[in-house]
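Structure assessment
Each chain is listed here by its residues.
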Amino acid sequence: MGDQMQFIVEKLNQEPFRKKYNLISFDSLEPLQLLQLLSDVLGEIDPKHSVDIREELPEQTAKRMLNLLGILKYKPPGTVSDLSAFRQGLVTGSKTVIHPVLHWLLQRTSELRTRAYLARFLVKLEVPAEFLQDDTVADFNKQYEELMEAFKNLHKEHEQLKISGLSTAEIRRDISAMEEEKDQLAKRVERLKKRVETVQNHQRMLEIARQLRLEKEREESLAQQKQEQKSQLFHAEQRLQRAQVQLKEMQQVVADSKPESLMKKLEEEINFNSYLVNEKIPREMESKKTSVYFLQKVVAEPAMTQADLTALESEIEEVNAQINQLIEKRIITYEPTDSKFSMYRQQASIISRKKEAKAEELQAAKEEMSSLEKQVEQKNSQAHELGGSEVLTEDEFKRYVSKLRSKNTFYKKKRQEIAEITAECGVLQRTEELLRQRHEATQQQLQAIEEKKGISGYSYTQEELERVSAVKSEMDEVKGQTLDNMSEMVKKLNAMVAEKKASLAPVIKELRQLRQNCQELTQECDEKKIQYDSCAAGLETNRSALEQEVKGLLEECAQEESNYRYINCMKRSLEIQLQRAKEEMKAYVSPDPQERRRAVREQYTRIILEQENLGKKLREKQKIVRESHGPNMKQMKMWQDFEKLMECKRECFLKQQNQAAIGQIIQEGGKDRLVL
């Protein structure tokens, strides 16, 4: 308690309170002063609560403080857990109530200030359901909820921006740096303008450069559109291929299967889906809703300490133990050991668990199959991007295998032919080698003979002379033919050039004139195009403005028309009500009793009188029933006893008849005689 008071005094002596308390002065505060101090602290958290409590009633003060503490999610301590006692202590300004509240508020002032600010906009107004039947009220309520959600999102973004670390100083530095860059760019543009002004036709060149830039931008946009269209075409082709594959598979399934098997598969799928929809998914939704409810309840609770958690765990253990005991008692009481239903219940529970497990396995298998199909599609797209082929289906793979077999047979045949040719080539190479060796041996013998005769190198020189003479004769023939061809070609070319010059002279003159005309027309076309673009832009601006104006007028007209129809309907309903009121008044004032009986007031008066008479009769009947209740009950009991007595006599008479006849009973004059 002393630490708590010390903390409260320290916080109150700081900004923004500056109370200059000590422990003695704080402890000696009157209840009214304590309440005013609590109101000041709450006013620091929420400025709406900065009020003088002397100007309002104690009940209003307690209600205002309790409302704000509820919004701030304050939980009273264990000593004042009773809400009525806590409210009474808050009204009277009890220290045992005010001190814990002040300690809790001063511990988390900034957090509570944010919570109070958000509560001003996020505490939802409860609108009764009968008011929401009105379309206008429902629309306003929906708009109110949308604005609340928008405020939540904006507040989250604001908090994220505050956490992100961006400060105004950094933003100002960035703005100043960008302004400097802007000044530098403006100076560079001025220098470039001055440099360009010295060039002839600089306006024309600037216009051409601008057009070039526009065309390049247009080219880039067209290239981007082309790329997007290519990607769209690729995706469309992929979808088409998948659809074709699915169609083939469905055709194969339809061709291979029978209607009975298809109906059986559909029935199995329908049964599985109905089980999921009717049993599994509702249970999961119910469990999720329960968990969400408990989580929301936990979130709504204030922060808990370790002691609170320990107490809750002990309570949970006690409740679980009680539940187990109750289950055992129920089993002993309602399910005896010799009951035959226990075995069937166990079997049914086992089968239901197996059914749920198999349903989950089937669901997991379906999810895995869908994920694998997605992976196959991704791999197909990657293969297509890398230039690969699509994954083959079963029929395509079979055709591919048969084609490979035929190619393998053809390959083996060609390989055998290559082996034969290789063997023959080896034989020919060996023959060539033998012939070369013989030729070398013959050359060596010829050289030896030439050395013996004293004319070594004669055969080689003779061969070289013959080869050189043959080459020389070939070259002479080629040179002669080349010179003749060249002279003829030169003559032909000169003649052709002269002819072309003569024929092209008038055409060149016309071409020069046409080029000059083309330049003039191109310049005029550019000027007209500029005028057209400016005029089109102006007309487009006017058209958009007129469209906006027409749209606004149409909306206004529709609004006015709806208002007119609404007012007209209200007028008709009011006229009808007024007419009914006039008729009622006329019938009520009319001297004719028949006419007055038709008035609603008379009808309701007559009904009220009838009901009052009926009530009187019923009350009289109730009084009679109450008065005769005791004698009637007594008489009923007497008749029941008489019935039991007669039943007993009947049973005795039947027993006497069933026994063996010992004698004869004679009844005379109210006396019974036994004659043996």
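Rules used throughout
- Residues numbered from 1 in each chain as written.
- Predicted model: local features only at pLDDT ≥ 70, side-chain atom pairs only at ≥ 80, totals over all residues.
- Heavy atoms only, no water.
- Helix = DSSP H or I, 4+ residues; strand = E, 2+ residues; numbered from the N terminus.
- Buried < 20%, exposed > 50% of the residue type's maximum accessible area, 1.4 Å probe, protein only.
- Contact = heavy atoms within 4.5 Å.
- Areas by Shrake-Rupley, 256 points an atom, 1.4 Å probe, with all protein chains shown as cover.
- Salt bridge = Lys/Arg side-chain N within 4 Å of Asp/Glu carboxyl O.
- Phe/Tyr/Trp six-rings, centres within 6.5 Å; stacked < 30°, edge-to-face > 60°.
- Core = buried A, V, L, I, M, F, W, Y, C linked by side-chain atoms within 4.5 Å.
- Axes fitted to C-alpha atoms, helices over the stretch in contact; angles between N-to-C directions.
- Parallel < 35°, antiparallel > 145°, perpendicular 65-115°, else oblique.
- Left-handed = near helix turned anticlockwise from the far one by under 90°.
- Nonpolar A, V, L, I, M, F, W, Y, C, P; charged D, E, K, R; others polar.
- Patch = residues over 30% accessible without salt bridge, like charges linked within 9 Å, V, L, I, M, F, W, Y side chains within 5 Å.
- Lys, Arg positive; Asp, Glu negative; His and termini not counted.
- Charge placed at Lys NZ, Arg CZ, Asp CG, Glu CD.
- Expected span 1.5 Å × (residues − 1).
- pLDDT = per-residue confidence, 0-100.
- Disulfide = S-S within 2.5 Å.

1. Observations regarding the overall build of the protein chain
- Helix and strand counts for the protein chain come out as 19 helices and two strands.
- Per-residue burial over the protein chain gives 11% buried out of 676 residues.
- When contacts within the protein chain are restricted to residue pairs at least 6 apart in sequence, long-range pairs at least 24 apart make up 51% of them.
- Of the roughly 58100 Å² that the protein chain leaves accessible, carbon and sulfur atoms contribute 57%.

2. So, the pattern of salt bridges
- Enumeration according to the criterion identifies 12 salt bridges in this entry.
- A salt bridge links E149 to K152; the nearest nitrogen and oxygen atoms lie 3.7 Å apart. Placement of the pair is E149 and K152 together in helix 9 (residues 135-164), with a separation of three residues, close to one helical turn.
- Since its relative accessible area comes to 42%, E149 is described here as partly exposed.

3. Brief notes about the packing of aromatic side chains
- Per the counting criterion, the structure on display carries one aromatic pair.
- Seen in terms of ring centroids, W639 and F642 are 5.9 Å apart; in terms of plane orientation they differ by 90°. Their pairing is edge-to-face. Within this pair, W639 and its partner F642 are both found in helix 19 (residues 629-658), separated by three residues, close to a single helical turn.

4. Here we look at the nonpolar core
- Grouped together as the largest cluster of nonpolar side chains are 31 residues, with contacts concentrated most on L12, F26, L38, L72, L102 and L105.
- Of all the secondary structure elements, the ones that give two or more residues to this core are helix 1 (2-13), helix 3 (31-45), helix 4 (58-71), helix 5 (83-92), helix 6 (95-107) and helix 7 (109-122).
- Every residue in contact with L12, bar those within four places of it in the chain, is listed here: F17, R18, K19, Y21, F26, L37, V41 and L106.

5. So, the side chain of N141
- Within the element layout of this structure, N141 appears in helix 9.
- Take N141: its relative accessible area is 15%, and that puts it in the buried class.
- Excluding residues that lie within four positions of it along the chain, N141 makes contacts with V127 and L132.

6. Brief notes about the packing of helix 3 against helix 4
- Contact pair helix 3 / helix 4: the axes reach a minimum separation of 11 Å and the direction vectors enclose 40°. Classified by the angle between their axes, helix 3 and helix 4 sit oblique to one another. Relative to helix 4, helix 3 is oriented so that their crossing is left-handed. For the pair helix 3 and helix 4, the contacting residues are L35, L38, S39 and L42 in the first and R64, M65, L68 and L69 in the second.
- Of the residues in the contact of helix 3 with helix 4, the class split is six nonpolar, one polar and one charged.

7. What about a positive patch on the surface?
- On the surface, a cluster of positive charge is contributed by K187, R188, R191 and R195.
- Tracing the backbone through its elements, the reader meets R191 in helix 10 (residues 168-197).

8. Details of a negative patch on the surface
- A cluster of acidic residues, E179, E180, E181 and D183, forms a negative patch on the protein surface.
- By the element assignment, D183 lies in helix 10.

9. Section: a nonpolar patch on the surface
- Taken together, the side chains of V600, Y604, I607 and I608 define a hydrophobic patch exposed on the protein surface, amounting to about 380 Å² of accessible area.
- You can see I608 is positioned in helix 18 (residues 600-627).

10. A look at helix 7
- Between its first and last C-alpha atoms helix 7 spans 19 Å; for 14 residues at 1.5 Å apiece the expected length is 20 Å, and the two agree.
- Along helix 7, the residues that are buried comprise T109, L112, A116, L118 and A119.

11. Focus: the packing of helix 18 against helix 19
- Running from N to C, helix 18 and helix 19 cross one another at 45°; their axes reach a closest spacing of 4 Å. Our classification of the angle between helix 18 and helix 19 gives oblique. Two secondary-structure elements touch here, helix 18 through V625, R626 and E627 and helix 19 through H629, G630 and P631.
- A class-by-class count of the residues in the contact of helix 18 with helix 19 yields two nonpolar, two polar and two charged.

12. What about the confidence of the model for the protein chain?
- In the predicted model, the protein chain carries a mean pLDDT of 78, and the fraction of residues at 70 or more is 87%.
- Here strand 2 (residues 671-675) is the element of the protein chain with the lowest mean pLDDT, 59, and helix 19 is the one with the highest, 90.

13. Considerations on the environment of Q363
- Mapped onto the secondary structure, Q363 falls in helix 14 (residues 341-385).
- A residue is classified by how much of its surface remains accessible, and Q363, at 27% relative accessible area, is partly exposed.
- As for Q363 and L276, which are separated by 87 residues in sequence, their C-alpha atoms are 9.5 Å apart.
- Not counting chain neighbours up to four residues away, the residues in contact with Q363 comprise F272 and L276.

14. Let's talk about the state of the cysteines
- Across all of its chains, the model carries zero disulfides by this definition.
- In this model C652 remains outside any disulfide bridge; the closest cysteine sulfur is found in C648, 4.3 Å from its own.

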